[in-house]
Amino acid sequence: MDESQRPPEEPTSPIKRILAWVGVVYMVLLVLLNFYALSQGTYLRGIGSLLVLPGTAGLAVISGYQIKQDSQRGHRMLWGLLAVACLILSILSLKDGLPPLAAQLLGGDM
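Thresholds applied
Residue numbers run consecutively from 1 along every chain, following the written order of its sequence. This being a predicted model, a pLDDT of at least 70 is required before a residue's local features are given, and a value of 80 or more before pairs of side-chain atoms are given or counted; all residues contribute to the totals for chains, interfaces and linings. Side-chain figures throughout are based on the complete set of non-hydrogen atoms in the structure, without hydrogens or water. Here, the term nonpolar core denotes a set of buried Ala, Val, Leu, Ile, Met, Phe, Trp, Tyr and Cys residues that are joined through side-chain atoms within 4.5 Å. Only protein chains enter the accessibility calculation, which uses a 1.4 Å probe. A residue is then buried if its area is under 20% of the maximum for its type, exposed if over 50%, and partly exposed in between. Contacts are residue-level and defined by heavy atoms, with any inter-residue pair within 4.5 Å sufficient. The quantity known as pLDDT measures the predictor's confidence residue by residue, on a range of 0 to 100. Think of it this way: any DSSP run of H or I at least four residues long counts as a helix, any run of E at least two long counts as a strand, and we number them from the N terminus. Here a helix's expected span is defined as the number of its residues, less one, multiplied by 1.5 Å. Salt bridges, as used here, are contacts in which a Lys or Arg side-chain nitrogen is within 4 Å of a carboxyl oxygen on Asp or Glu.

## Observations concerning the nonpolar core
Tyr36, Leu44, Ile47, Leu50 and Leu101 form the largest nonpolar core, which has five residues in total. Ignoring any residue separated from it by four or fewer positions in sequence, one finds Ile47 in contact with Leu33, Gly97 and Leu101.

Below, the structure is given as structure tokens:
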């Protein structure tokens, strides 16, 4: 197929880009967790709630995008509630996950 027969390229939707970046963040986290385990000889414990953070943050960003795009008031309210719920869950996961992470990285025992 030559250049003249190719269909025009469409840019990817912002939601797909947000989801791709969430996937990149998860892969970086998994690589860092494996590097820590290989270098220290032990796994980080008690940080499972931190692994929820990229997903909830991504869903909050998608909700914010949908609020701007949607013209119906009822849908905007639902997207707003979802965004607030995701932000609350993100804050709670940081509150639960950061102390064990800091204790282990700074050399203290959990």
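## With respect to the confidence of the model for the protein
Per-residue confidence for the protein gives a mean pLDDT of 90; residues scoring 70 or more make up 95%. The weakest mean pLDDT in the protein belongs to helix 3 (residues 73–105) at 93; the strongest belongs to helix 1 (residues 14–40) at 95.

## Examining helix 2 (residues 53–69)
For helix 2, with 17 residues, the first-to-last C-alpha span of 24 Å sits near the 24 Å given by 1.5 Å per residue. Of all the positions in helix 2, only Pro54, Thr56, Gly58, Ala60, Ile62, Ser63 and Gln66 are classed as buried. Residues of helix 2 that are buried sit in contact with helix 1 and helix 3.

## Structural notes on the environment of Glu10
Mapped onto the elements, Glu10 comes out in the segment before helix 1. Given the relative accessible area of 74%, Glu10 is considered exposed.

## A few points about the pattern of salt bridges
For the coordinates displayed, the defined rule picks out one salt bridge. A salt bridge links Lys95 to Asp96; the shortest N-O distance between them is 3.6 Å. For Lys95, a relative accessible area of 57% puts it in the exposed group.

## Quick look at helix 1
For helix 1, built from 27 residues, the straight-helix expectation of 39 Å at 1.5 Å per residue is met to within 8% by its first-to-last C-alpha distance of 39 Å. Within the sequence span of helix 1, burial applies to Ile18, Val22, Tyr36 and Ala37. At its buried positions, helix 1 is contacted by helix 2 and helix 3. Backbone geometry just after helix 1 places Gly41 at a positive phi near 80°.

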